[in-house]
Amino acid sequence: QQAKQAGHSPNMWWARTWDQVNEMFVWNSHLLRDLRDQLSPTQHSWLLPITHGFYGQTTIRCYGRVINLVIVARRSRYFAGTRYLKRGINDRGFVANHAETEQIVYDSSTSACGRANGLYTSVAQMRGSVPVFWLQSIDRMPTPKPIIKLGKFDPFHTASRNHFRQMFESYGAPIIVLDLLKQQEKHPREMPLGKSYKDCIAYVNGDLPPDLHIEYIPWDFRSASKTKAEKVINDLTAIAEVAVARTGFFATQNVLDGVRREQTGVIRTNCVDCLDRTNLAQFFIGRYVLGMQLQCIGIIANASDVVYYTSIIDELLKLYIKLGDKIALQYGGSRTVTAGLVHRGVAWDMVTNMRRFYSNNFIDFDKQNTINLFLGYFSPLFNERTMRFVHPY
C-alpha cells in the first residue's frame, strides 16, 4: 500500500529492509554490494532493495467489509533477460523468465476498537522456462517462430536437479508441474521439448523418495482451446482443485491468533514463453483459490459459491490481465495475445506479433547487454576496451 501511495511504477517497488528480502529477486543487489560490505547488519536499513515484476491492488466492498485483492509478481535476477536470448536453464539451475506470483486477499475493515481484523490469506505460484537445455536461435534470417533446438547433452540432468532442489528449499513439497506444451503436432516443434521435460522429471524422481516425487501434469492448451471454452475452464479448474488440495494456501486467523494454515509446495506452470498460456492457467488456479480465500475470511460460506460473485472475479481477471501484459512486455517485448485472458481481436494479435518480432530481432540484443550490465554480470574495465564477464548467471 505504501508503494502504491508513493505513486511509483507498478513494475518496480521497494522492499522494507534488506533482511526481509530474497536476494534472488533483488535487482539492484550488484549496485548495493559495495555499500552493503561497509555496513553492519544493524545498518542494513539504509539499503533499499528494488524488485522487478508487477504489483496490482484493488479494493472490494462486500457485505459492509473492505476486502483488498493484491497480485504481486517478482522476477528472478538470475538468468534474466529477453525472450530468445534467455531460454531454458543454465548450469546453476536457474531458469529464464522465472517469476513468482502471489495472490493476496485480506480484510482491511476495522473492529469496534479501531484495530484491523488482520485476516490475511495468500497463495504463491511460479512460472519459469522448461528447465532443460534448449534454445531458439535468431542469429541468421529473422523469423517469427525460430526452431526449438535442444541444447547441450546433460545425461545426469545435473542442472535440472539443481533447479528442483532450489524449489524444494524455497517452497517445500509437493512440487506440481503443469506443462502446457503441445502434445500433438503435425510438424513437431514443441513436442520434442515436452518429451525432454517429461524424461527429465522421471530421472529426477528416480533419486527422490516417493513422498517427494514431482507431479507432472501435461495439458495441451492449444488442443483444448479448439473445443468449447467451457471445457478449458472445467479442465483447468479440475487441475487446480487437485493441485491446491495438496499445496494448500497461507492464512492467518487474526493479528493475535497468528497463522491458521500454511502453504506447502507450489504449482509450477510453463509453456514455451511462459507468457500467454501460462498466464491464463495461473488465473484459473487463482480463481479457484479465491473461493477458498473468501471462505477463509468469512465472506462466503462455500468456496464453490465464488462463481456467483462475478464482480470479484472480474476484478481478479483485470489484475491477471495487467500482470500478463507487464511480464510479456518485460520478457517478450509486447503485451499478451489471444492465448492470454482476453480476445482483443485479430488486428490486435497481428500488431502485437509484429511488435514481438521487431523487438526480438532488432532490440533485444542491446536490451540484454543493458540487463547484464545493470545486474553486474558484465563489468567495464577502466583503461581497457573490453568488458569482463563476472558471473555466469
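It should be emphasised that the depicted structure is a prediction, and the values quoted were computed from it without experimental measurement.

Regarding the nonpolar core
Okay, so step 1: Ranked by size, the top nonpolar core spans 63 residues in total, and within it Leu-178, Trp-219, Leu-290 and Leu-294 carry the most contacts.
Okay, so step 2: Counting residues per element, this core draws most heavily on helix H7 (residues 276-296), at 10 residues.
Okay, so step 3: Other than its neighbours up to four places away in sequence, Leu-178 contacts Ile-217, Trp-219, Ile-239, Arg-268, Thr-269, Asn-270, Ala-281 and Ile-285.
Okay, so step 4: Counting residues in each nonpolar core, the second largest holds 25 residues, with Met-126, Phe-164, Phe-168 and Ile-201 among its members.

Concerning the side chain of Asp-273
Okay, so step 1: Looking at where Asp-273 falls in the secondary structure, it is placed in the loop between strand E12 (266-270) and H7.
Okay, so step 2: Note on Asp-273: relative accessible area 11%, which makes it buried.
Okay, so step 3: A distance of 2.6 Å separates a polar atom in the side chain of Asp-273 from a polar atom in the side chain of Arg-87.
Okay, so step 4: In contact with Asp-273, not counting residues within four places along its chain, are Arg-83, Arg-87, Asn-97, Tyr-331 and Arg-356.

Brief notes about the environment of Val-105
Okay, so step 1: Relative to the helices and strands, Val-105 is located in strand E4 (residues 99-107).
Okay, so step 2: On the basis of relative accessible area, Val-105 is assigned to the buried category, the value being 1%.
Okay, so step 3: In sequence terms Val-105 and Thr-121 are 16 residues apart; their C-alpha atoms lie 5.3 Å from each other.
Okay, so step 4: Excluding residues within four positions of it along the chain, Val-105 makes contact with Ile-67, Asn-68, Leu-69, Leu-119, Tyr-120, Thr-121, Leu-290, Gln-293, Leu-294 and Ile-297.

Considerations on the pattern of salt bridges
Once their charged atoms are close, side chains differing in charge can pair, the charge on each being opposite to the other.
Okay, so step 1: Counted according to the given criterion, the structure contains 14 salt bridges.
Okay, so step 2: Taking the shortest distance from any N to any O, the salt bridge between Glu-169 and Arg-165 comes out at 3.2 Å. One end of the pair is Glu-169 and the other is Arg-165, both in helix H3 (residues 158-171) and four residues apart, which spans about a single turn.
Okay, so step 3: You can call Glu-169 exposed: its relative accessible area is 57%.
Okay, so step 4: Residue Arg-165 is classed as partly exposed on the basis of its relative accessible area, which comes to 39%.
Okay, so step 5: Here the salt bridges share partners, and the residues they tie into one network are Arg-83, Arg-87 and Asp-273.

Remarks on the confidence of the model for the chain
Detailed reading of the predicted coordinates is not advisable wherever pLDDT falls low.
Okay, so step 1: With 83% of its residues at a pLDDT of at least 70, the chain reaches an overall mean of 84.
Okay, so step 2: Throughout residues 1-8 the model reports pLDDT below 50, and contacts reaching past four residues in sequence, or to other chains, amount to nine contacts.

The rules behind each value
- The residue numbering used here restarts from 1 in each chain and proceeds along that chain's sequence as written.
- This being a predicted model, a pLDDT of at least 70 is required before a residue's local features are given, and a value of 80 or more before pairs of side-chain atoms are given or counted; all residues contribute to the totals for chains, interfaces and linings.
- As a convention, hydrogens and water are excluded, and side-chain values are obtained from all of the structure's heavy atoms.
- Nonpolar core, defined: a set of buried Ala, Val, Leu, Ile, Met, Phe, Trp, Tyr and Cys residues in which side-chain atoms within 4.5 Å join the residues together.
- Here's how the labels work: a residue is buried when its accessible area is under 20% of the maximum for its type, exposed when over 50%, partly exposed in between, all with a 1.4 Å probe on protein chains only.
- Labels follow the DSSP assignment, with helices taken as runs of H or I lasting at least four residues and strands as runs of E lasting at least two, numbered in each case from the N terminus.
- Pairs of residues are marked as contacts when any of their non-hydrogen atoms sit within 4.5 Å.
- N or O atoms within 3.5 Å of each other form a polar contact, as long as, within protein, one can give a hydrogen and the other can take it, and as long as residues adjacent in sequence are counted only when both atoms are side-chain atoms.
- Just to be clear on terms, a salt bridge is a Lys or Arg side-chain nitrogen sitting within 4 Å of an Asp or Glu carboxyl oxygen.
- Along the chain, pLDDT gives the predictor's confidence residue by residue, from 0 to 100.

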